[in-house]
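So you can see what is in the structure, the chains are spelled out below.
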Amino acid sequence: MVGLPYDLVANPLGAVRSTFEKAAASSGFDPNGKDWGVLDLFRHFLFDQGRLSQVPILNGETIRWIQPKTLVRFRAMVQDMLGNEFYVGAYQDGSVWRTNKFRDVSQFPLGDSSPHTQVWERRLLYCVPVPGQNSWTEPSSESVVNQCKDFIPQQREKRRRMDDEAIDDMNMLVSDNGFQVSPSVKKVKEDGCPSTSSQTQDSLSEGYCSNTSMVTGIDKDFLSCLVKIYDSPESDLKLNDVFEFIGILTLDSELNEDKDDHDEPDNGFCDDVMVHLPPNKVPRLHCLIHRKLAAPDFLRGSPMMEPKPHFVREMREVLLRHLTVVLGNDGIAAHFMLLHLLSRVHTRVDTVAVGKLSLNLTCFSKESAALFGSRLSLALKTLLPFTHCIPLTLEYLNSVSLAPKKDYETNRLKTGVLQLAEGSHIIIDETQLEAGTLNSVGMENARLLRNLMELQRVEYDFKYYKMEMAADVQLLIFSEAKSNILPADIVMPFQPSSVGSSEVVTAEALEAWRWYLATVKSLPHSIESEMQKVVENDLVAARQADRSIGSHDFNRWLTMGRLMSLSFGETCLSLEHWQMVKELERLRRERLK
């Protein structure tokens, strides 16, 4: 079997060019077609052949080692959508069609009529590391950097072979007689302005060493990327979704060369992307394939198996014991904590976010919150992919920006604390809140937190109007008494019986618990007709015994019943699990007296 003419990891643009030229040489070629088989080529290589692990991961540690114009993986959240960008996608040079797809810098023949060029469109997304992402979700920095270092000699050797063939295909034409320079072809940078600058063989081969000089302006502690999306429906990507983008990395070299070229006029296509997201600070990633990620995708080394009930029961018992120890041997609080950690918004009915289960642990002092709060926060960081802590002080409420806001001067969405990925967990410590006056910012922030708690929605401020965005965030509140600012679904007095914790948790146990929480919460669930009658009768009886019980309580009990079943790996509510829910509620209400 003949191998691929280009290494898809070290030289993906070569593969793009080769595939395009092969398609262009075939009969019936349509230059308006946006894909000519290149995506199938990469999908087959990455997934059918299992080569995804060969693609380096792009992050703050590896940016100085990964080479420009190579294939990378970047896991990030869509923080802002910057609209669309037009570029010369294909052009005809003589009798040969060429493409500029997956490049920052375009080229086209000067002086030719419009039928010889095709203007295509791509979407621009500003993507950032997932807020609150915990370190265990990422491969170790050392292993990733070593992978990049090991890859460099292979890239250098492939580059030498390409140099021998005469290389920069941005300035070369292919004919039956080989390569020849095309003086009629110029590059056009991403803002549409043409430039005569080109790269030499020496400058290309010099790139295969550490990229320190090229990434000095990039924030390696918070590596963001301008991701360019091709041929994908707008519904595929939404604000705050988390994706793995697999594409071609470009840094600032070509764009900066063109930026310094003042001999060419501006043709009117320029926008503010280059100004506010300069390429020497924000790398470009030309996306070939994107995959939406969920909690199970962030597991490393965990047993990826079918969640069979007997195995899930064992995991539940061990995890519940761990949570009980963390919570000072308060077993009832640990049971509610487990249900809380398994909750998620699985559907919406009008304004009701069905499936949420916020938890307010009361009877905390500043001292106990510092002890048990920090202990629980640390435990959740080792179990959940995305976690956050909010110290709810008067100063914090009066000054912080919780809601994202549109900045029309930069045409950017400025993020806020509550712009979070689906499945994020927030601990709010209300014990630090002292008497005082909320200013207008504080009042607005309190309202935003309340809406997130009750409706699972965050209001985005676009200055001239506001837009509510759906959220799916777990909220846990520590407070002295029932919170008046944040009305949680469950108010649970916290009654620890011990302070010390000597439990040693192994890495294997943590991996198993992460698998349990990530997998079980996504199981489907239903209530069979017989159990529906039992539940209805119990709800009617509860209402007759206590007229203060309303629809909010009924919804909470049904949610708890669903979560109780799922915690055992069961997808249908059983009488046993329903009885457990009622007993938990009875014990909780006794503490409230």
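- As annotated in an unreviewed UniProt entry, the chain carries the name Mini-chromosome maintenance complex-binding protein and is attributed to Juglans regia.
- In its Subcellular location (unreviewed entry) section, the UniProt record describing the chain reads: "Nucleus".

1. Here we look at the overall build of the chain
- Along its length, the chain carries 15 helices and 22 strands.
- Put simply, the chain has 593 residues, and 52% of those count as buried.
- Long-range contacts, defined here as pairs at least 24 residues apart, represent 80% of the contacts in the chain between residues at least 6 apart.
- Carbon and sulfur atoms form 51% of the exposed surface of the chain, whose accessible area is close to 26700 Å².

2. Regarding the sheet that holds strand E21 (residues 474–478)
- A sheet is described by the order of its strands in space; here five strands give the open sequence E15-E18-E21-E14-E22, paired in parallel fashion. This sheet does not close on itself; its edge strands, each paired only once, are strand E15 (387–391) and strand E22 (490–493). For this sheet, the mean angle separating the axes of adjacent strands, direction not counted, is 20°.
- Along the sheet, helix H8 (residues 331–342) contacts strand E14 (359–362), strand E18 (425–429), E21 and E22; its crossing angle with E21, the most-contacted strand, is approximately 150°.

3. Overview of helix H14 (residues 551–567)
- Look at H14: 24 Å from first C-alpha to last across 17 residues, which is about the 24 Å you get at 1.5 Å a residue.
- With respect to burial, H14 is a largely interior element, 13 of its 17 residues being buried.
- Immediately downstream of H14, the backbone of Gly569 shows phi near 80°, a positive value.

4. Quick notes on unusual backbone geometry
- Even without being a glycine, Asn240 presents a positive backbone phi close to 75°.
- By secondary structure assignment, the location of Asn240 is in the loop between strand E9 (225–229) and strand E10 (242–250).
- If you check the backbone angles, Gln456 has positive phi at about 55° while not being a glycine.
- Mapped onto the fold, Gln456 is located in the loop between helix H11 (440–455) and strand E19 (457–461).
- Classification of Gln456 by relative accessible area gives buried; the value is 1%.

5. Notes on the packing of aromatic side chains
- Under the criterion given, the structure shown has 16 aromatic pairs.
- When the centroid spacing of 5.9 Å and the interplanar angle of 90° are considered together, the rings of Tyr87 and Tyr230 count as edge-to-face. Taken together, the residues span a long stretch of sequence, with Tyr87 in strand E1 (residues 71–93) and Tyr230 in the loop between E9 and E10 at a distance of 143 residues.
- The aromatic ring of Phe298 is capped on one face by Arg75, whose charged end is 5.2 Å from the ring centroid.
- In this arrangement the basic side chain of Arg122 is found over the ring face of Tyr87, its NZ or CZ atom lying 4.1 Å from the centre.

6. Focus on a nonpolar patch on the surface
- A contiguous nonpolar patch, built from Tyr408, Tyr464, Tyr465 and Met467 and spanning about 460 Å² of accessible area, is present on the exposed surface.
- Here Tyr464 is to be found in the loop between E19 and strand E20 (466–470).
- Residue Tyr464 is classed as exposed on the basis of its relative accessible area of 63%.

7. Some details on the pattern of salt bridges
- One pass over the structure, following the stated rule, counts 27 salt bridges.
- Among the salt bridges present, the one from Asp231 reaches Lys101, with a minimum N-O distance of 2.4 Å. Within this pair, whereas Asp231 is found in the loop between E9 and E10, its partner Lys101 is found in the loop between strand E2 (96–99) and strand E3 (106–109), the two being separated by 130 residues in sequence.
- Relative accessible area serves as the criterion here: at 2%, Lys101 is assigned to the buried category.

8. What to know about helix H2 (residues 38–48)
- Along H2, the positions that sit buried rather than exposed are Val38, Leu39, Phe42, Phe45 and Leu46. Down the axis of H2, the buried set is contained in an arc of 135°. They therefore lie on one face. Summarising the geometry of H2, the exposed residues directed more than 90 degrees from the buried face are Asp40 and Asp48.
- Contacts made by the buried residues of H2 are with helix H1 (12–24), E1, E10 and strand E11 (284–292).
- Looking one or two residues beyond H2, the residue adopting positive phi is Gly50, at roughly 65°.

9. Observations concerning the nonpolar core
- Counting 62 residues, the largest nonpolar core has Met337, Leu361, Leu476, Tyr516 and Leu517 as the members making the most contacts within it.
- Among residues more than four places away in sequence, those in contact with Leu361 are Met337, Leu476, Ile477, Phe478, Ser479, Met492 and Phe494.
- By size, the runner-up hydrophobic cluster in this structure holds 47 residues, among which are Ile218, Cys225, Leu392 and Ala488.

10. Topic: the pairing of E20
- Pairing geometry for E19 and E20, over five bridges, is antiparallel. Residue pairing in the sheet places Glu459 in a bridge with Glu468 of E20.
- The turn linking E19 back onto E20 is made up of four residues, and Lys463 within it adopts a positive phi angle of 65°.

11. Brief notes about the environment of Asn329
- Among the structural elements, Asn329 can be located in the loop between helix H7 (309–326) and H8.
- Owing to a relative accessible area of 42%, Asn329 belongs among the partly exposed residues under this scheme.
- Sequence separation between Asn329 and Ser497 is 168 residues, and the spatial gap between their C-alpha atoms is 5.8 Å.
- When sequence neighbours within four positions are dropped, the list of residues in contact with Asn329 reads Thr324, Ser497 and Ser498.

12. Some words on the side chain of Arg588
- Of note, Arg588 is situated in helix H15 (residues 575–592).
- Of the residues examined, Arg588 reaches a relative accessible area of 5% and is grouped as buried.
- Ignoring any residue separated from it by four or fewer positions in sequence, one finds Arg588 in contact with Phe336, Ile490, Val491, Met492 and Arg556.

13. Points about the environment of Arg300
- When you line up the elements, Arg300 lands in the loop between E11 and H7.
- Separated by 215 residues in sequence, Arg300 and Trp515 place their C-alpha atoms 9.3 Å apart.
- Dropping the residues within four chain positions of it, Arg300 is found in contact with Trp136, Thr137, Glu138, Pro139 and Glu511.

14. Considering the side chain of Arg562
- One can find Arg562 in helix H14.
- What Arg562 contacts, discounting residues up to four positions off in sequence, is Arg344, His346, Lys521, Leu523 and His525.

Definitions and cut-offs
Residues numbered from 1 in each chain as written. Predicted model: local features only at pLDDT ≥ 70, side-chain atom pairs only at ≥ 80, totals over all residues. Heavy atoms only, no water. UniProt positions renumbered as here; feature names shortened; annotations may be inferred. Helix = DSSP H or I, 4+ residues; strand = E, 2+ residues; numbered from the N terminus. Buried < 20%, exposed > 50% of the residue type's maximum accessible area, 1.4 Å probe, protein only. Contact = heavy atoms within 4.5 Å. Areas by Shrake-Rupley, 256 points an atom, 1.4 Å probe, with all protein chains shown as cover. Pairing = 2+ DSSP bridges. Axes fitted to C-alpha atoms, helices over the stretch in contact; angles between N-to-C directions. Expected span 1.5 Å × (residues − 1). Phe/Tyr/Trp six-rings, centres within 6.5 Å; stacked < 30°, edge-to-face > 60°. Lys NZ or Arg CZ within 6 Å of the ring centre and 35° of its normal. Patch = residues over 30% accessible without salt bridge, like charges linked within 9 Å, V, L, I, M, F, W, Y side chains within 5 Å. Salt bridge = Lys/Arg side-chain N within 4 Å of Asp/Glu carboxyl O. Arc of directions from axis to C-beta. Core = buried A, V, L, I, M, F, W, Y, C linked by side-chain atoms within 4.5 Å.

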